[in-house]
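# Results of the structural survey
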Amino acid sequence: MQTPILILVLLGLMAFAFHLGKTRSLATVGGRTGIRQLHSLPAYYGFYTALWAGLPALLIAGVWLFFESSVITSMVVAGLPAELRDQPPAQLGLLVNDITNLANGNIVSRAVDDQLRAAADHMNALRGIGKTALTAVALCIALGAGALAWRTIGPRMRARNRVEAIVNALLIISSLIAILTTVGIVLSVLFESFQFFHKIPLTDFLFGLEWSPQIALRADQVGASGAFGAVPLFTGTLLISVIALMVAVPIGLMSAIYLADYASPRLRSYAKPVLEVLAGVPTVVYGFFAALTLAPAIRGAGEAMGLSVSSESALAAGLVMGVMIIPFVSSLSDDVINAVPQSLRDASYALGATRSETIRQVILPAALPGIMGGILLAASRAIGETMIVVMAAGLSANMTINPLDSVTTVTVQIVTLLVGDQEFDSAKTLAAFALGLLLFIVTLGLNIVALHIVRKYREQYE
Amino acid sequence: MNDATQNRRRAIDVVNASLKKRYAREARFRRIGLGAVVLGLVFVSVLFFDIVSKGYTAFVQTHIELEVFFDPAVIDPEGKRDMQEIARADFRKLVREPLRALFPEVKKRNEKRALDGMLSGGAPYQLLDMVRSDPSLIGQRRTIDLIADDDIDMLVKGHIDRNAPPSDRRVNDQVIGWVDTLTEQGRVKRKFNSGFFVNGDSREPELAGIGGAVAGSFYTLLVTLVLSFPIGVAAAVYLEEFAPKNRWTDLIEVNINNLAAVPSIVFGLLGLAMFINLFGLPRSAPLVGGLVLTLMTLPTIIIAARAALKSVPPSIREAALGVGASKMQTVFHHVVPLAMPGMLTGTIIGMAQALGETAPLLMIGMVAFIVDVPGGPLDPSTVLPVQVYLWADSPERAFVERTSAAIIVLLAFLIAMNTFAVIMRRRFERRW
Amino acid sequence: MTTAESAASEAELPVPKAGVSIGSRPLDDDFKTVGNVRVNDARMSCTDVNVFYGEKHAIKHVDLDIGKNQVIAMIGPSGCGKSTFLRCLNRMNDTIDVCRVSGAIALDGQDIYDKKLDVVPLRAQVGMVFQKPNPFPKSIYDNIAYGPRIHGLAASRVELDEIVERSLTKAGLWDEVKDRLDQPGTGLSGGQQQRLCIARTIAVEPEVILMDEPCSALDPIATAKVEELIDELRENYTIAIVTHSMQQAARVSQRTAYFHLGHLVEVGETTEIFTNPRHKLTEDYITGRFG
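Residues numbered from 1 in each chain as written. Chains lettered and ligands numbered in written order. Predicted model: local features only at pLDDT ≥ 70, side-chain atom pairs only at ≥ 80, totals over all residues. Heavy atoms only, no water.

Now for the packing of helix 6 (residues 159-199) of chain A against helix 12 (residues 264-278) of chain B. At a minimum axis separation of 9 Å, helix 6 of chain A and helix 12 of chain B run at an interaxial angle of 80 degrees. With respect to helix 12 of chain B, the axis of helix 6 of chain A lies roughly perpendicular. Across the interface between the two elements, T181, G184, I185, S188, V189 and E192 of chain A of helix 6 of chain A pack against V266, F267, L269, L270, A273 and N277 of chain B of helix 12 of chain B. Of the residues belonging to the contact of helix 6 of chain A with helix 12 of chain B, the class tally is seven nonpolar, four polar and one charged. (Axes fitted to C-alpha atoms, helices over the stretch in contact; angles between N-to-C directions. Helix = DSSP H or I, 4+ residues; strand = E, 2+ residues; numbered from the N terminus. Parallel < 35°, antiparallel > 145°, perpendicular 65-115°, else oblique. Contact = heavy atoms within 4.5 Å. Nonpolar A, V, L, I, M, F, W, Y, C, P; charged D, E, K, R; others polar.)

What follows is the structure, encoded as structure tokens:
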């Protein structure tokens, strides 16, 4: 049975079980009149039966389906003749792809011979068996568990409590998914990174000054230098992030100050949402703007002034990224500035200070930790940004502080290394994971520090 | 009269003397603040103006009006009316014929090619589609608006500078002459570019459309919504209402806050390593894209849902418990419905963010050149922002126009979703 | 006639119904303050002052003089407008958008609500101490030095040090904090913080000090210290203090003004007000019949 149909059947069974459970509960107390003798409402008995009928079966089905394809693949490979099985992993992977494609009725890249066809038939046969087995197992479990639950129904059975316990467990599992995500990220990235660091030593990676990730396909291939020193990527990322912060912090902070303390409520109610729009524009739009409008404009202006400007200058990417980050800085600064108590403002005004003096000498120093936290969050966003730099910054790993040159960043390299046809364990693809690990650690560190500062700051005033 | 009064007199004078400079500084400070706000607003306007001005022309497509003879000798020589055979007929010939008839003086081979090149490569397929839906056309003559090539389209829209040296432009003077002649004859039509919204991707800009990408985005967001809303609400309900306040729940809360700030590309790596590599799900499928985006949107939804739950006053909970409802009944019958508007608003905003995401979907492979419009969550497809990214790389001027138009569509969706969320919030949110 | 009725007819007030608090009955708009509103040597002089919070008429037709080098206490039940009136004297009500002030308030003869008048030097001349101590989150030194710094009152660091020491001494705080001037002002006790705020106000050499219930957030010992300080400051400064404690008013002030629902009911020498009030409302408040 096809998967979607199986799921629908299971859901149908659940509905049926609900009905059965409900009627049985009423039956055990002699009909509706005896309803008070039931511990819980009949609906709960229904839910109980339905949950027991459906959940175990769905769970088993889910696990089965997730692992089905890899299990079948390994079985098919085991059934191959020895010389095909012993190929290097790259070739074996391609062979498996072809077998799969043939089994699906798609185009195959190599000539179809008997062995291939046999393997494909084997795969389809296994799939058929798998589907039938799954259907059988799932339905058996559903019926069995449902029947068992149904039998336990009685007036004393505390159906509501049991149902609520099940729901509670479901809620807990949902919450754990968030933790599992982090664990998943860390584990998967770590795992691949460890494989990478087997091939390239950690110190080379962290401190190496040259980045040109070529891997020789053949031993004698020309142009395969294979240097994986990530320092040029760090400098590139830092250069662009610094430019971005130099744009975002002054504009964001000063506009937050103006809107909080000087602007009329009408201006504030119009200007604030418009500035927030900058945060909602997808980064790919910024990238497009940077690559197609801003970079040529900068190039033109630079050449008019006699400077040599790359067409993928760090300046273009940095400026646009800065504009994108303005709402981050201004929103958080606005929050912390408004959180400074009015009593401090009153004290300053009562001494005869002007508004700017009050802001600069009383409010900003008081709000400083919060503002710093906001800047750190903005920096973390800038470092992790991908699309703007992919579209507007270059691929050349240049170690320079000249904003008119083209540099590349960590995120660009992750994209370049993975959006292509590499097999999964070459050093190139693994390098992407190592870079991802680094990025994750750095941004996580910045975020933790920033959130900690902002939270401590809020506690001070509440 | 004493020290104090003298001091005071001096103090007043000093204060008055300092005023001018201080007020100057105040005015300057104020101007800088206003300047910053204005600058921010200018950025928004420049961005929008640039995109719109580049893209609005894409909603119109140039066509060339020609008299086409549906020659049965070419289409269906054996008269069998077999659609499969008809599909293989040489419709290009039927397309070239009327054009060459209009310019009989064109003799040389490369000039002929340039003439033929004025029509899009998709023009023959226009005829094929017409015959398919109405086989009685075979043998008849019709006046048809055929899609023009993208260079002609750009020329007609004025994006190609006629005065630039010929080597710098894509259309030479001869072609320009032909176009001018056709225009005088009234054969150059500009029609609404419905193909843009319906077609899938194509190498030819005049045939390329966002239909595939929009469908892909739709399926992806569907998967994201179906997964992230229940899980997010369930997690928020648990964390806010049921969880004991101890170190573990603190850890989960810190974890969620941090996840909300992790760069999106890291989620892409997770998707690649886990969903594609470990679980073997198909690359480029909206299902995988939806799974990755679910993980990204969950923190947003959880945080918004928790805020909504927190805003329901304790008195409601106490009242329910007071009549004997269990904790879970209180939560699900009373608290959650009251918090639902806030949760839905947060979800819509989360979906809007997910719609604009590009980087993680690049990682899981939704970046291939996919021509067909996907039919379901398991068909390979791309999403709208990725389509923008792919087109942005293409050199043809026509793709710049189309990319901008695609961005306009994307922004329109986002504005609609956000406005909807704000309206919902205004209408349904209660102030306790 | 009963005492209530005779007293009522004397003051031309209707006899209150049983159970209705006399304090809730408003006075007429053309009510005239009882007692001497004017003094000979007035530092500040108010004429027909009205304050509106949006629609609400909070202060109604107040005439009052603030005598030089004297302490005048403003008393009255909650919500009667004494703090609002106080904030008019240094134009702190300007910071509230919906607040409108009409009438004339003169400092040394000059109307402070004159359009051309600069509010910054005004606030340097008329300082304010608030109900809850509000030291800046800076060091003790920087708290005191803030005012002189922004006004440019000290030409050098040495002069600034002198000003700080002088202010802290006058506020009676120098000995307690002289060894920890660089520690945060927020680390002091409540009473010390309030004295710090007083020192901060003195540092800009004001002529008038306004105090808005300065001791209401302090314990009795700190209160005593602050009251002692007020008495000492009286020699060199003119002080107007709002207080909800009649005993405090009796302790520290020479003149007392009684406010009731926005009207200035009666003003006079403190001893007179408390022993022999002339208006019925004043008497009722002082004897505790309401408020």
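So, on to the nonpolar core. With 250 residues, the main nonpolar core has I414 of chain A together with F85 and L168 of chain C as its most contacted residues. Looking at this core element by element, the count peaks at 15 residues for helix 8 (residues 231-262) of chain A. In contact with L168 of chain C, other than residues within four places in its own chain, are I140, I144, L173, W174, V177, L181, L196 and A199 of chain C. Core analysis: the second largest hydrophobic core is formed by 37 residues, V95, L119, I138 and I152 of chain B among them. (Core = buried A, V, L, I, M, F, W, Y, C linked by side-chain atoms within 4.5 Å. Buried < 20%, exposed > 50% of the residue type's maximum accessible area, 1.4 Å probe, protein only.)

Residue and element names in this part refer to chain B. Per the domain assignment, the segments of chain B are domain 1 (3-56), domain 2 (59-201) and domain 3 (211-428). Between domain 2 and domain 3, the contact holds 15 residues from the first and 17 residues from the second. Carbon and sulfur atoms supply 56% of the area buried between domain 2 and domain 3, which totals about 1300 Å² over both sides. Taken as a group, M154, F196 and D201 account for 48% of the area that domain 2 buries against domain 3, more than any other trio of residues on that side. (Domains from an automatic or database assignment. Buried area = accessible area lost by both parts, 1.4 Å probe.)

A separate point is helix 5 (residues 157-170) of chain C. Residue and element names in this part refer to chain C. A rise of 1.5 Å per residue sets the reference length of helix 5, with its 14 residues, at 20 Å; its end C-alpha atoms lie 20 Å apart and thus fit the reference within 8%. Of all the residues in helix 5, the buried ones are L160, I163, V164, S167 and L168. Looking straight down helix 5, one finds its buried side chains confined to an arc of 120 degrees; they lie on one side. Here the buried face of helix 5 lies against helix 4 (140-151), helix 6 (174-177) and helix 7 (190-202). (Expected span 1.5 Å × (residues − 1). Arc of directions from axis to C-beta.)

What follows concerns the interface of chain C and chain A. Of the residues lining the interface, 22 residues belong to chain C; the matching set on chain A comes to 17 residues. Of the roughly 1500 Å² buried at the junction of chain C and chain A (both faces included), carbon and sulfur atoms supply 65%. Between the two partners, chain C and chain A, sit zero salt bridges. In this structure, the connection of chain C to chain A is made through four residue pairs in polar contact (both at pLDDT 80 or more). Taken together, the elements giving at least two residues each to the side of chain C that touches chain A come down to helix 3 (119-125), strand 6 (126-129), helix 4 and helix 7 of chain C. A breakdown of the residues in the side of chain C that touches chain A according to their chemical character gives 12 nonpolar, six polar and four charged. (Salt bridge = Lys/Arg side-chain N within 4 Å of Asp/Glu carboxyl O. Polar contact = N/O pair within 3.5 Å; in protein donor to acceptor, adjacent residues only side chain to side chain.)

This next bit is on the pattern of salt bridges. Under the defined criterion, the tally for this structure stands at 36 salt bridges over all chains. With its nearest N and O atoms 3.4 Å apart, the salt bridge here joins D175 of chain C to K178 of chain C. Bridged by salt links that share partners, the residues E65, D145, K189 and K191 of chain B form one connected network.

With that settled, the discussion passes to the interface of chain A and chain B. Counting residues at the interface gives 78 residues for chain A and 74 residues for chain B. Surface buried jointly by chain A and chain B totals about 6600 Å² across both partners, of which 77% is contributed by carbon and sulfur atoms. Three residues stand out in chain A for area buried against chain B, namely L171, Y258 and F288 of chain A, and they jointly supply 9% of the buried area on that side. Put simply, chain A and chain B have one salt bridge between them. The tally of links from chain A across to chain B stands at 12 residue pairs in polar contact (both at pLDDT 80 or more). Examining the composition of the side of chain A that touches chain B, we find that 18 residues originate from one element, helix 6 of chain A, more than from any other.

Note that E241 of chain B resides in helix 10 (residues 211-242). Apart from residues lying up to four places away in sequence, E241 of chain B is in contact with A236, L309, R317, K327, V331 and V335 of chain B.

Moving on to the side chain of S202 of chain B. Residues and elements named next belong to chain B. Positionally, S202 belongs in the loop between helix 9 (194-198) and helix 10. By relative accessible area, which is 15% here, S202 ends up buried. Within polar-contact distance, the side chain of S202 engages the backbone nitrogen of E204 at 2.9 Å. If we skip the residues at most four places from it in the chain, S202 touches L207, A208, F369 and F399.

Next up on the list: the packing of helix 13 (residues 286-311) of chain B against helix 15 (residues 327-355) of chain B. Residues and elements named next belong to chain B. Interhelical geometry of helix 13 versus helix 15 gives an angle of 145 degrees and a closest axis separation of 8 Å. Helix 15 is crossed by helix 13, and the crossing has right-handed handedness. Taken together, the residues of helix 15 that come into contact with helix 13 (itself represented by L293, T297, T300, I301, A304, A305, A308 and L309) are V335, V336, A339, G342, M343, G346, T347, G350, M351, Q353 and A354. Of the residues belonging to the contact of helix 13 with helix 15, the class tally is 12 nonpolar, seven polar and no charged. (Left-handed = near helix turned anticlockwise from the far one by under 90°.)

Turning our attention to the packing of aromatic side chains. Taken as a whole and judged by the stated rule, the model has 19 aromatic pairs over all chains. Ring centres 5.6 Å apart and planes at 40 degrees place the aromatic pair W391 of chain B and F399 of chain B in the tilted group. A relative accessible area of 2% places W391 of chain B in the buried class. The residue whose ring lies beneath R203 of chain B is F369 of chain B, and the NZ or CZ to ring-centre distance is 4.1 Å. Taking NZ or CZ as reference, R100 of chain C lies 4.6 Å from the ring centre of F52 of chain C, over its face. (Phe/Tyr/Trp six-rings, centres within 6.5 Å; stacked < 30°, edge-to-face > 60°. Lys NZ or Arg CZ within 6 Å of the ring centre and 35° of its normal.)

The next point concerns the sheet that holds strand 2 (residues 141-147) of chain B. All names here are of chain B. Spatial ordering of the open sheet is given by 2-1-3, a layout of three strands whose pairing is antiparallel. Where the open sheet ends on each side, the last strands, each with one partner, are strand 2 and strand 3 (188-192). Taking the axes of each pair of neighbouring strands and ignoring which way they run, one obtains an average angle of 40 degrees across the sheet. (Pairing = 2+ DSSP bridges.)

Together, K21, R25, R28 and R31 of chain B make up a positively charged patch on the protein surface. Assignment of secondary structure puts K21 of chain B in helix 1 (residues 3-55). (Patch = residues over 30% accessible without salt bridge, like charges linked within 9 Å, V, L, I, M, F, W, Y side chains within 5 Å. Areas by Shrake-Rupley, 256 points an atom, 1.4 Å probe, with all protein chains shown as cover. Lys, Arg positive; Asp, Glu negative; His and termini not counted. Charge placed at Lys NZ, Arg CZ, Asp CG, Glu CD.)

Now for the sheet that holds strand 2 (residues 56-67) of chain C. Residue and element names in this part refer to chain C. Read across the open sheet, the four strands follow the order 2-1-4-5; overall the sheet is antiparallel. At either margin of the open sheet sits one strand with a lone partner, and together these are strand 2 and strand 5 (110-111). Bridging between strand 1 (residues 42-53) and strand 4 (residues 99-107) involves eight bridges; their strand directions are antiparallel. Across the sheet, residue Y53 finds its bridge partner in strand 4, namely C99. Helix-sheet contacts for helix 2 (residues 82-89) involve strand 1, strand 2 and strand 4, and the interaxial angle to strand 1 is about 120 degrees.

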